[in-house]
Amino acid sequence: MSGAVDLSALKQPPAAPGGAPAASGNHSVTEADFETKVIRRSMQVPVVVALYSQRSPGSVELIRTLERLNADDRGGWDLAAIEAEPNMNIVQALRVQGIPTVIAVAGGQPLADFEGAQPEAQVRQWLDAVMDATAGKLEGDPNGAEPEVDDPRFTAAEDALAEGDITGAEAAYEAILAEEPANEEAKAALRQLRFLTRAQQIDPAVVATADADPANLEAAFDAADVELLEQRPEAAFERIIAVIKRTAGDDRTTARTRLLELFELFDQAEPFVVAARRKLATALY
């Protein structure tokens, strides 16, 4: 799979936290912590991503098999158990066709995968092949550097988010920023959470309202939030750029400020952000 899937789309996703998985809390991963627990962690040890569904007994049993094998291997690789239904952005980004699907990620890239429930002996053979392929090539290998220790402050925030406690997660990130005002990771996480808190309270019908009444500034902003929550950033950006083109004075300044806030929810190198910034410049000048 290496090179066939771009995991960068899953960095700091503006998506709601998923539900509780069948696997133990130590192994559960959602869209909110995928970057930390899978992409970053895979720079140190292989991460086995297992996508499953509560409605599939075979996939739940596969998770239990992987947990047993992970315990046997004592930290040689990490298990990331992801419930498919609440985490569809991950499913789509990994191009998953069926559940269960298991994907090995190493060095931030997918390495190998298999689909469907498998006997334990066959899973063991697959894992051994993954370990052989990555031996000595990652920072956490015996021949490499010691793995980075997780910051317990971020762990607490991620745990709160995984449990659906957005208020608690927000408080945890605010506490980090009180100690380290320049901490970019905490700033980014807080922006995501505040956007979620705002956007999840908006009635999706506002999109039709904004389309019918282009002069309604608040409706345009709310509609853009809905589009962003639906993973349609280009549409959200285009909507606010259109407002900027037809307004002036304070209204234009307000729209520009809102658009820049939305840009900050993404990696600034994302092509759709770069394209929108160019359109903004054209609209302003």
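Everything here concerns the structure above.
Residues numbered from 1 in each chain as written. Predicted model: local features only at pLDDT ≥ 70, side-chain atom pairs only at ≥ 80, totals over all residues. Heavy atoms only, no water.

A.B. asks: Can you explain the overall build of the protein chain? Please cite residues and give values.
C.D. replies: Of regular secondary structure, the protein chain possesses twelve helices and four strands. For the protein chain, the proportion of its 285 residues judged to be buried stands at 46%. Across the protein chain, the fraction of contacts at a sequence separation of at least 24, relative to all contacts at a separation of at least 6, is 65%. With an accessible surface of roughly 13,800 Å², the protein chain has 51% of that area assigned to carbon and sulfur atoms. (Helix = DSSP H or I, 4+ residues; strand = E, 2+ residues; numbered from the N terminus. Buried < 20%, exposed > 50% of the residue type's maximum accessible area, 1.4 Å probe, protein only. Contact = heavy atoms within 4.5 Å. Areas by Shrake-Rupley, 256 points an atom, 1.4 Å probe, with all protein chains shown as cover.)

A.B. asks: Give a description of the side chain of S59 that names residues and reports values.
C.D. replies: Within the element layout of this structure, S59 appears in helix α2 (residues 57–73). Assessed through its relative accessible area of 1%, S59 is described here as buried. S59 has contacts with Y52, S53, I99 and P100, leaving out every residue within four places of it along the chain.

A.B. asks: How would you sum up the sheet that holds strand β1 (residues 47–52)? Please name residues and give values.
C.D. replies: Note: strands within a sheet are paired through backbone hydrogen bonds, in either parallel or antiparallel orientation. What the four strands build is an open sheet, ordered β2-β1-β3-β4; its pairing is mixed. One side of each edge strand has no neighbouring strand; the edge strands of this open sheet are β2 (78–83) and β4 (109–115). Shown here is a sheet whose adjacent strand axes are inclined to one another by a mean of 20°, direction ignored. Across the face of the sheet, helix α4 (residues 120–134) comes into contact with β1, β3 (101–106) and β4 while running at roughly 165° to β4. (Pairing = 2+ DSSP bridges. Axes fitted to C-alpha atoms, helices over the stretch in contact; angles between N-to-C directions.)

A.B. asks: Can you tell me about α2, naming the residues and giving the values?
C.D. replies: Taking 1.5 Å per residue, 17 residues should reach 24 Å; α2 reaches 25 Å between its end C-alpha atoms and fits that length. Every buried residue of α2 is accounted for by S59, V60, L62, I63, T65, L66, E67, L69 and N70. Buried-residue contacts for α2 involve β1, β2, β3, β4 and α4. Once α2 ends, the next one or two residues include R74, with phi positive near 50°. (Expected span 1.5 Å × (residues − 1).)

A.B. asks: Could you give an account of the nonpolar core, with specific residues and numbers?
C.D. replies: In this structure, L228, F237, I240, I244, L259, L262 and F263 are the most contacted members of the largest nonpolar core, which totals 24 residues. Listing elements by their share of this core, those giving two or more residues are α7 (184–199), α9 (217–229), α10 (233–246), α11 (249–263) and α12 (271–284). By residue number, the principal contributor to this core is α10, which donates six residues. Setting aside residues up to four positions removed in sequence, I240 forms contacts with F221, A224, A255, R258, L259 and L262. By size, the runner-up hydrophobic cluster in this structure holds 18 residues, among which are L66, W77, L79 and V123. (Core = buried A, V, L, I, M, F, W, Y, C linked by side-chain atoms within 4.5 Å.)

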